[in-house]
Amino acid sequence: WAQWMLSVPIGLIMSALVFKCNSCGYIHVRGWWLIILCTASCILHIVVHTWVLLKVVPKFGCAETSAGADVHYRVCAERHPFSWFSSNPVHCLRSKYIYKQEPPCDFCIPGKEHLLRVNETAGYFFHDKEAVVETFLESHSSWTGMQTAFKEQASVMTTGIQSFIKGETKIEEANDKDSSDSEESTAPVPKPKAPEVPVAAKAPEVPEFAGGDEQASK
């Protein structure tokens, strides 16, 4: 029906289009004939729109039916605790204080579905047993065991990481020591200096005396 109701505003758009075409000179109609033409275009569009929805659109639809089309309401209500009645708090109050149903419709809360009471005359068919309660001590002991195992695993990983870091540090120190030793071994050895030879003393010069060789001999 929503698609069919859409045909009316689209028909009005069709009438406006005809009026605009007449104003632009594409259609030469005046007076009552223009009103009749606009009204006829709107009605014609509504008729064509309705025919397309009834004849053409169903051919492109899904021919398969729903899997639960043949399931009775009672069967569905026995399987599912949440329904329009049990999930509506206003209806639950109306069932108790206005309709005076006995038992009234109970409001369904997740985890408390077993508290819903059956009232076949009012259409409440769900019934279930209480779920098994979890033992806190067992879950606590298992959780404690998980924590202990996690702590042990964390300590082992921490020890391994520390030993790895120490090993890397020792390797770096050994490499630094080897590099320093190699630098010392490759350093040039200074050559010893040759001893200085003393220079021979010069003979004293003989002074020359006047008078020639004779005086020198004397």
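Residues numbered from 1 in each chain as written. Predicted model: local features only at pLDDT ≥ 70, side-chain atom pairs only at ≥ 80, totals over all residues. Heavy atoms only, no water.

1. Thoughts on the overall build of the protein chain
This is how the line gets drawn: By definition, any uninterrupted DSSP run of H or I lasting at least four residues is a helix, any uninterrupted run of E lasting at least two residues is a strand, and each is numbered from the N terminus. Buried, partly exposed and exposed residues are distinguished by accessible area as a fraction of the type maximum, computed with a 1.4 Å probe on protein chains only: under 20%, between the cut-offs, and over 50%, respectively. Contacts were defined at the residue level, with two residues in contact if any of their heavy atoms lie within 4.5 Å. Accessible surface is estimated by sampling points in the Shrake-Rupley manner with a 1.4 Å probe; for residues, cover comes only from the protein chains shown.
Helix and strand content of the protein chain: seven helices and zero strands. Counting helices and strands in the order they occur from the N terminus, the protein chain gives α-α-α-α-α-α-α. Classification of the 218 residues of the protein chain by burial places 14% in the buried group. Counting contacts in the protein chain only where the partners sit at least 6 residues apart, residues at least 24 apart contribute 37% of the total. Total accessible area on the protein chain stands at roughly 19200 Å², and carbon and sulfur atoms take up 65% of it.

2. So, the packing of aromatic side chains
Applicable threshold: Two rings from Phe, Tyr or Trp (for Trp, the six-membered ring) form a pair when their centres sit within 6.5 Å of each other. Planes less than 30 degrees apart are called stacked, planes more than 60 degrees apart edge-to-face, and all others tilted.
According to the stated counting rule, one finds three aromatic pairs in the structure shown. Measuring from ring centre to ring centre gives 6.3 Å for Tyr73 and Phe125, while their planes differ by 70°; the resulting arrangement is edge-to-face. Placement of the pair is Tyr73 in helix α4 (residues 73–79) and Phe125 in the loop between α5 (89–97) and α6 (136–185), with a sequence separation of 52 residues. Note on Tyr73: relative accessible area 40%, which makes it partly exposed.

3. Considerations on the confidence of the model for the protein chain
How we decide: The quantity known as pLDDT measures the predictor's confidence residue by residue, on a range of 0 to 100.
When pLDDT is averaged along the protein chain, the result is 77; 67% of the residues meet or exceed 70. Element-level mean pLDDT values for the protein chain span from 47 in helix α7 (residues 212–217) up to 94 in α5. Throughout residues 209–218 the model reports pLDDT below 50, and contacts reaching past four residues in sequence, or to other chains, amount to one contact.

4. Re unusual backbone geometry
Residues Glu102 and Pro103 are joined by a peptide bond in cis, for which omega reads -5°. Mapping Pro103 onto the fold places it in the loop between α5 and α6. For Lys100, which is not glycine, the phi torsion reads 55° and is therefore positive. By the element assignment, Lys100 lies in the loop between α5 and α6. Residue class for Lys100 comes out exposed when judged on its relative accessible area of 59%.

5. Some thoughts on the side chain of Ser7
Tracing the sequence through the fold places Ser7 in helix α2 (residues 7–23). For Ser7, a relative accessible area of 0% puts it in the buried group. Apart from residues no more than four positions distant in its own chain, Ser7 is found in contact with His45, Ile46 and His49.

6. With respect to the pattern of salt bridges
Pairs can form between side chains of opposite charge whenever their charged atoms are close. Formally: Every case where a carboxyl oxygen of Asp or Glu lies within 4 Å of a side-chain nitrogen of Lys or Arg is listed as a salt bridge.
If you walk through the whole model with that rule in mind, you get three salt bridges. In this structure, Glu78 engages Arg74 in a salt bridge whose closest nitrogen and oxygen atoms are separated by 3.3 Å. Here the residue Glu78 and the residue Arg74 both occupy positions in helix α4, the gap between them amounting to four residues, near one helical turn. Among the residues examined, Glu78 registers a relative accessible area of 40% and is labelled partly exposed. A relative accessible area of 33% means that Arg74 is categorised as partly exposed.

7. Regarding the packing of α2 against helix α3 (residues 32–56)
In a packed pair of helices, the relevant descriptors are the angle between the two axes and the axis-to-axis distance. Condition: Here an axis means a line fitted to C-alpha atoms, over the contact stretch when the element is a helix, while the angle between two N-to-C directions is reported on a 0 to 180 degree scale. Rotating anticlockwise by less than a right angle from the far helix to the near helix defines a left-handed crossing, while the corresponding clockwise rotation defines a right-handed one. Charged means Asp, Glu, Lys or Arg here, nonpolar means Ala, Val, Leu, Ile, Met, Phe, Trp, Tyr, Cys or Pro, and polar covers whatever is left, Gly included.
The interhelical angle for the contact between α2 and α3, taken along N-to-C directions, is 145°, at an axis separation of 8 Å. For α2 against α3, the interelement crossing comes out right-handed. Contacts between α2 and α3 involve Ser7, Val8, Ile10, Gly11, Leu12, Met14, Ser15, Val18, Phe19 and Asn22 from the first element and Leu34, Leu37, Cys38, Ser41, Cys42, His45, Ile46 and His49 from the second. The class makeup of the residues in the contact of α2 with α3 is 11 nonpolar, seven polar and no charged.

8. Here's the deal with α5
Side chains three or four residues apart in an α-helix point the same way, a direct result of the helix having 3.6 residues per turn. The condition is simple: The arc in question is the one traced by the directions running from the helix axis out to the C-beta atoms. Counted as a polar contact is a pair of N or O atoms within 3.5 Å, where, for protein atoms, one must be capable of donating a hydrogen and the other of accepting one, and residues adjacent in sequence contribute only when both atoms are in side chains.
Among all positions of α5, only His91, Cys92 and Ser95 are buried. Angular distribution of buried residues about the axis of α5 spans 105°; they occupy a single face of the element. Seen from the open side of α5, the exposed residues pointing more than 90 degrees away from its buried face are Leu93 and Tyr97. Structurally, the start of α5 carries an N-cap: the backbone nitrogen of Val90 is 3.2 Å from a side-chain oxygen of Asn88.

9. Quick word on the state of the cysteines
As a reminder, the rule being used: Here, the term disulfide refers to a pair of cysteine sulfur atoms separated by no more than 2.5 Å.
Summed over the entire model, instances satisfying the criterion amount to zero disulfides. For the unlinked cysteine Cys21, the closest cysteine sulfur is that of Cys24, found at 6.8 Å. Just so you know, Cys105 is unpaired, no disulfide at all, and the nearest cysteine sulfur is the one on Cys92, 3.9 Å from it.

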